[in-house]
Amino acid sequence: MKIAILGCGVAGLSAARELRRHGIETVLFDKSRGVGGRMSTRYAGAWEFDHGAQFFTVQDEDFQVEIDAAIRAGVAAPWPAKALYLKTGALSADTGRDRYVGQPRMNSLPKYWAKGLDVRLGNRVTAIKKAESWTLTFEDGASASGFDGVISTLPPAQAATIVPKTFQEREAVVSAQMHVCFCLMVGLPAPIDPGWDTLRVKDLPIDWISINHAKPGRSQEVGAIIVHSEAAWSDKHADSDRAWVQDVMIKSASALIGFPLAEAPHIALHRWLYASSKLSPDVPCLKDGGLVIAGDWCVGGRVQGAWLSGRAAARALL
Ligand SMILES: Cc1cc2nc3c(=O)[nH]c(=O)nc-3n(C[C@H](O)[C@H](O)[C@H](O)COP(=O)(O)OP(=O)(O)OC[C@H]3O[C@@H](n4cnc5c(N)ncnc54)[C@H](O)[C@@H]3O)c2cc1C
């Protein structure tokens, strides 16, 4: 048995590791230059930014076992953040489940999970076809064949372009939707402490600020701040002028932090076109024959959801 896995984020890696546990060979393909998907880290000179997933929580017992192993390996850590919530002008503690992060950066965890797997980066899959076996076609016209099954963990908009018209669950893929999110990355000459590590915000263009350098294992030589835009505002302004989006986010975040971010030596903006789940089929994965569609969006999003969906896809094939 040889299975092709499309996407090398948390879901794809989880599927590959589950299949490996059952002695099944996998080959993972991803369009990006690194593994991890949205559990990612952006490098810029002296600065590093976790510009996708900020932290994750654990409710599932099996996922907890996986995270405990990663903590023992030194690639993940609890983040006892000073977390605040701002709503209608009032600050309160942002309570909830224990938070965890990759250590020393967010992508350390997927990199660790990818060890020993056959990962082929820089390969954008544009089509999949079943004859005797499954064949993948890539953007550059090349192809790879001889697969007994395919697991896709691409975002729904991208999965919809490769799923065969005959796929029984096609409607669930096509109708799934995701929110846009802008990520503002601000690099400072030195760490700052506004009195909190994370600020969740209601009713503003931004909904999240994270003091990246306050996470465990991060460099204390420089300061790094992450600002995420609010989902509905991001969807509305997905194609708005980037300089304007950046300006609005800087002004909003500067007022909240009490620090003029516009003067920072490094400022960058990234648009996540498929950031978080908006309309989800709410099933662990979608299967028809030898093709399984998975990803965080199947179960409503988030890191744990991606891990569970990838594992469910592997088990569905098994
Ligand atoms: C801004 C932001 C903040 C977030 N914050 C949190 C948080 O605080 N807590 C939390 O739990 N979760 C958070 N998330 C969500 C979390 O990152 C995701 O749930 C999880 O990482 C998704 O994993 P995945 O494997 O399902 O998908 P992805 O990580 O998106 O993996 C899909 C992979 O497919 C690849 N791909 C796409 N198209 C193709 C193609 N045609 N051919 C080949 N490869 C392709 C992509 O490059 C990508 O690597 C956040 C996400 C974003 C963007």
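Residues numbered from 1 in each chain as written. Predicted model: local features only at pLDDT ≥ 70, side-chain atom pairs only at ≥ 80, totals over all residues.

1. Thoughts on the site of the ligand
Within the structure, the ligand sits among 38 residues, and G7, G9, G37, R38 and A306 are positioned closest to it. Secondary-structure elements contributing two or more residues to the shell around the ligand are α1 (10–21), β14 (177–188), β18 (266–279) and α8 (303–317). For the shell around the ligand, the class distribution of residues is 18 nonpolar, 14 polar and six charged. Formed jointly, the shell around the ligand draws a minimum of three residues from each of two domains, domain 1 (1–35 + 114–175 + 280–318) and domain 2 (42–107 + 177–278). (Near = placed C-beta within 6 Å. Helix = DSSP H or I, 4+ residues; strand = E, 2+ residues; numbered from the N terminus. Nonpolar A, V, L, I, M, F, W, Y, C, P; charged D, E, K, R; others polar. Domains from an automatic or database assignment.)

2. Some words on the pairing of strand β6 (residues 83–87)
Every regular strand shows the same layout, with side chains that alternate between the two sheet faces. As paired strands, β6 and strand β15 (residues 198–201) are joined by four bridges and run parallel to one another. Looking at β15, one finds that A83 is bridged to T198. In this structure, β6 lies alongside strand β7 (residues 90–93), joined through four bridges in antiparallel fashion. Considered in β7, the bridge of L84 is made with A93. Between β6 and β7, which pair antiparallel one after the other, the connecting turn spans two residues, and T88 there sits at a positive phi close to 40 degrees. (Pairing = 2+ DSSP bridges.)

3. Remarks on helix α7 (residues 242–257)
Taking 1.5 Å per residue, 16 residues should reach 22 Å; α7 reaches 22 Å between its end C-alpha atoms and fits that length. Buried positions along α7 lie against β14, β16 (206–211), β17 (223–229) and β18. Positive backbone phi, approximately 75 degrees, marks G258, located one or two places after α7. (Expected span 1.5 Å × (residues − 1). Contact = placed C-beta atoms within 7 Å.)

4. Here we look at the packing of α1 against α8
Packed helices, taken two at a time, are described by their axes: the angle between them and the distance between them. Where α1 meets α8, the axes come as close as 7 Å, and the angle between the chain directions of the two elements is 40 degrees. It follows that α1 is oblique to α8 by the angle criterion. Regarding α1 and α8, the two cross each other, and that crossing is right-handed. Each of V10, A11, G12, L13, S14, A15, E18 and L19 in α1 lies in contact with α8, whose residues at this interface are V303, A306, W307, S309, G310, R311, A313, A314 and R315. (Axes fitted to C-alpha atoms, helices over the stretch in contact; angles between N-to-C directions. Parallel < 35°, antiparallel > 145°, perpendicular 65-115°, else oblique. Left-handed = near helix turned anticlockwise from the far one by under 90°.)

5. A short note on the domain arrangement of the protein
You'll often see interface size given as the accessible area lost when the parts meet. In terms of domains, the protein is made up of domain 1 (1–35 + 114–175 + 280–318) and domain 2 (42–107 + 177–278). Taken together, the 14 residues of domain 1 in the interface contact 12 residues of domain 2. No other element matches α8, which puts four residues into the side of domain 1 that touches domain 2. By residue class, the composition of the side of domain 1 that touches domain 2 is seven nonpolar, five polar and two charged.

6. Notes on the sheet that holds β18
Taken in spatial order, the seven strands make up an open sheet running β7-β6-β15-β16-β17-β14-β18, and their pairing is mixed. Of all the strands in the sheet, just β7 and β18 have a single pairing partner and so form its edges. Across the sheet, the mean angle from the axis of one strand to that of its neighbour is 20 degrees, orientation sign disregarded. Pairing between β14 and β17: six bridges, direction antiparallel. Following the sheet pairing, L184 is matched in β17 by V227.

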